[in-house]
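What the coordinates show
One letter stands for each residue in the lines below.
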Amino acid sequence: MTLAPGSVIGIVGGGQLGRMTVLAAARLGYRCHVLTDAADSSAAQVTNRATVAAYDDAAALEAFAKSVDVVTIEFENLDVAALAKVAALVPVHPAPAVLAICQDRLAEKARLQALGVATAPYRPVGSAAELADAMAALPGRTVLKTARFGYDGKGQQLLAPDADPAAAWQALGGGPAVLEGFVPFLRELSVITARGQDGAMATYVPVENQHRNHVLARSIAPAPIPPALAAKAMTLAEQIARGLDLIGLLAVEMFETADGQLLVNELAPRPHNSGHWTIDACAVSQFEQLVRAVCGLPLGRPDRLADAVMDNLLGDEVEAWPSLLAEPGARLHLYGKFPIRPGRKHGHVTRLQPQG
Ligand code: AMP
């Protein structure tokens, strides 16, 4: 089904990912209706249609669904049952079933395994006793993560082999959880692929991601890896998107090991922070690909027009905006998020490195 320009795209979530989706949609003549739980949210600031309601407010969701032509999401911690009710009224991309997999680390890992995709070794954990067994089964350091609602390192603990399972379990605050073997990775990479309603895919080059305090600080595009490994990473992302029968965007985070293996860490069925560089360095950004995919339009070419380095502006780093504006070639993006709080994502800056 093709939705012509002028149609209304519903976006669940009011953050900067929604904001940049609205801006991309507007460029193609679409309207957006943002459903957000906070007034004056980053996304709502850039459209004249917004509903402020809790994400599980059935009446608000129904009215929202009836006022739009298609729905997409910009964050994952949503109630799948509530989204399924929206999907009964209007097409939702990605499908609630895809969201259900991606918001649960155990379901995600099981699906990856079924697709033949390598991950870090892991064990499901539901109690302190199971954690003790899992630690015995996974030699060396391990990482304990809540299965649901963890992001940016929240709900995560690095465990030494001799750590006390009871104390670690208590600190996690209950399960379900997953224990992963610690991967001594060479680099963290991510690949973003867009998949259209006809199954066509457009995949960006892998980028290298550098984190500070578990939060993405910098993405380098392209990742400085051999072409064969880059091709392997892109094929892997496409294989997963196809395997999930996803329509929209899929970000695949992976670890590159010293022996050239790629272990998938996490999936996100939405625009991703590591794809912000595509706004300035590609003819078609990740946000425009999302609009094209959910509206049934042909995808754009994901070709890179320049190499790029994207730096997040976290907390008071955003106060450098005057000097960033003065810097030749720096492309500044601010999200309109106030007040400034430590660690909060307030914007990003992309620096292009034109090729030869
Ligand atoms: P996640 O919430 O799964 O994306 O993890 C956040 C960050 O923690 C990752 O980007 C890695 O830097 C680190 N991390 C997560 N899992 C592992 C692992 N199994 N081994 C090593 N580092 C990890």
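Residues numbered from 1 in each chain as written. Predicted model: local features only at pLDDT ≥ 70, side-chain atom pairs only at ≥ 80, totals over all residues. Heavy atoms only, no water.

1. Considering the nonpolar core
Judged by nonpolar contacts, the single largest core of 32 residues is most densely connected at Ile9, Trp277 and Cys295. Tallying contributions element by element places helix 10 (residues 286–294) first for this core, with 4 residues. Here this core spans two domains, and each of domain 1 (8–92) and domain 3 (187–353) adds at least three residues to it. Setting aside residues no more than four positions away along its own chain, Ile9 makes contact with Ala25, Tyr30, Arg31, Cys32, His33, Val68, Val70, Thr72, Val291, Val294 and Cys295. Residues Ile101, Leu236, Leu244 and Leu262 belong to the second largest nonpolar core, which totals 24 residues. (Core = buried A, V, L, I, M, F, W, Y, C linked by side-chain atoms within 4.5 Å. Buried < 20%, exposed > 50% of the residue type's maximum accessible area, 1.4 Å probe, protein only. Helix = DSSP H or I, 4+ residues; strand = E, 2+ residues; numbered from the N terminus. Domains from an automatic or database assignment. Contact = heavy atoms within 4.5 Å.)

2. Quick look at the environment of Gly6
Structurally, Gly6 can be placed in the segment before strand 1 (8–12). Sequence-wise, Gly6 and Gly29 are 23 residues apart; in three dimensions their C-alpha atoms are separated by 5.7 Å.

3. Considerations on the domain arrangement of the chain
Taken as a whole, the chain is organised into domain 1 (8–92), domain 2 (121–181) and domain 3 (187–353). Computed over C-alpha atoms only, the centres of domain 1 and domain 3 are separated by 22 Å. If you look at the interface, domain 1 gives 19 residues, while domain 3 gives 24 residues. In total, domain 1 and domain 3 occlude about 1700 Å² of area from one another, counting both sides; carbon and sulfur atoms represent 65% of this. In terms of surface lost to domain 3, no three residues of domain 1 exceed Gln16, Met20 and Glu76, which account for 30% of the buried area on that side. (Buried area = accessible area lost by both parts, 1.4 Å probe.)

4. Observations regarding the site of the ligand
Near the ligand, the surroundings consist of 16 residues, among which Lys145, Gln156, Val183, Glu188 and Glu266 are the closest. One of the side-chain nitrogen or oxygen atoms of Gln156 is found 2.8 Å away from an oxygen atom of the ligand. Here a nitrogen atom of the ligand sits 3.0 Å away from a polar atom, N or O, in the main chain of Gly181. Notes on the ligand: free accessible area 470 Å², of which the protein chains cover 93%. Of all the elements in the fold, those that place two or more residues in the shell around the ligand are strand 6 (142–146), strand 8 (177–181), strand 13 (248–256) and strand 14 (262–268). In this structure, the shell around the ligand is formed jointly by two domains, domain 2 (121–181) and domain 3 (187–353), each of which donates at least three residues. (Near = heavy atom within 4 Å. Polar contact = N/O pair within 3.5 Å; in protein donor to acceptor, adjacent residues only side chain to side chain. Areas by Shrake-Rupley, 256 points an atom, 1.4 Å probe, with all protein chains shown as cover.)

5. Observations regarding the pattern of salt bridges
Going through the model one piece at a time under the given rule, you end up with 18 salt bridges. Across the salt bridge formed by Glu266 and Arg105, the nearest N and O atoms sit 3.5 Å from each other. Separated by 161 residues along the polypeptide, Glu266 in strand 14 and Arg105 in helix 5 (residues 105–114) bring together distant segments of the chain. Residue classification places Glu266 among the partly exposed positions, given a relative accessible area of 22%. With relative accessibility at 7%, the residue Arg105 sits in the buried group. The partner of Asp245 in a salt bridge is Arg195, with the nearest N and O atoms 3.1 Å apart. You can see Asp245 sitting in the loop between helix 8 (227–243) and strand 13 and its partner Arg195 sitting in strand 9 (residues 187–195), a full 50 residues away along the chain. With a relative accessible area of 56%, Asp245 lands in the exposed category. (Salt bridge = Lys/Arg side-chain N within 4 Å of Asp/Glu carboxyl O.)

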